[in-house]
Amino acid sequence: QVHLVESGGGLVQAGGSLRLSCGGSGVVFKNIAVGWYRQAPGKERERVATLNMRGITIYADAVKGRFTISRDDAKNMVYLEMNTLKPEDTAVYYCSAPPGIMWGQGTQVTVPD
């Protein structure tokens, strides 16, 4: 009943930017915390960023200063703006709300060497 759908992934050259979007049905993002996670092949899924209902954000050290999580309450959308992308950012990115509980299917982000 709760569906989270990520979009916006793709192949981007190092140094480039990409914006991921997350739409939700059966969930109102303004009423819960939301997070973005990523998982690279052979690695554990890691938290990239979280945004709580008060607008407080937390970022993983690896993306601080480069990524921004935000939401648009009117559209019930969550975004992850990724700048200065690095090959290390290559992973499947997941929208999660509540963070770590419900997950989307993921969207692939590839930053080649």
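## A few points about the nonpolar core
The nonpolar side chains of a soluble globular protein tend to be buried with one another.
Step number 1: Within the largest apolar cluster, 28 residues are counted, with the highest numbers of intra-cluster contacts made by Trp 36, Ile 69, Leu 80, Met 82 and Tyr 93.
Step number 2: Among the secondary structure elements, those contributing two or more residues to this core are β3 (18–25), β4 (34–39), β5 (46–51), β7 (67–72), β8 (77–82) and β9 (91–96).
Step number 3: Ignoring anything within four residues of it in the chain, the contact list for Tyr 93 reads Glu 6, Leu 20, Trp 36, Tyr 37, Arg 38, Val 48, Phe 67, Leu 80, Met 82, Gly 106, Thr 107 and Val 109.

## Overview of the pattern of salt bridges
Two side chains with opposite charge may pair up if their charged atoms get near one another.
Step number 1: Counted according to the given criterion, the structure contains six salt bridges.
Step number 2: For Asp 89, the salt bridge is made with Arg 38, and the minimal N-O distance between the two is 2.9 Å. One end of the pair, Asp 89, is in the loop between β8 and β9; the other, Arg 38, is in strand β4, with 51 residues separating them in the sequence. With respect to class, Asp 89 is no different from Arg 38; both count as buried.

## Side note on the environment of Arg 66
Step number 1: Along the chain, the position of Arg 66 falls in the loop between β6 (57–59) and β7.
Step number 2: Distance from Arg 66 to Ser 17, taken between C-alpha atoms, is 9.4 Å for residues 49 residues apart in sequence.
Step number 3: Within the local environment of Arg 66, its side chain forms a polar contact with the backbone oxygen of Thr 84, the two atoms lying 2.9 Å apart.

## With respect to the state of the cysteines
Step number 1: With the rule as written, the count across this model stands at one disulfide.
Step number 2: Between the sulfur of Cys 22 and that of Cys 95 lies a disulfide, 2.1 Å long from S to S. Taking the torsion about the S-S bond as the criterion, the Cys 22 to Cys 95 disulfide, at about -80 degrees, is left-handed. With Cys 22 in strand β3 and Cys 95 in strand β9, this residue pair connects regions lying 73 residues apart in the sequence.

Scoring rules and cut-offs
- Residues numbered from 1 in each chain as written.
- Predicted model: local features only at pLDDT ≥ 70, side-chain atom pairs only at ≥ 80, totals over all residues.
- Heavy atoms only, no water.
- Core = buried A, V, L, I, M, F, W, Y, C linked by side-chain atoms within 4.5 Å.
- Buried < 20%, exposed > 50% of the residue type's maximum accessible area, 1.4 Å probe, protein only.
- Helix = DSSP H or I, 4+ residues; strand = E, 2+ residues; numbered from the N terminus.
- Contact = heavy atoms within 4.5 Å.
- Salt bridge = Lys/Arg side-chain N within 4 Å of Asp/Glu carboxyl O.
- Polar contact = N/O pair within 3.5 Å; in protein donor to acceptor, adjacent residues only side chain to side chain.
- Disulfide = S-S within 2.5 Å.

All we've got here are geometric facts, nothing functional implied.
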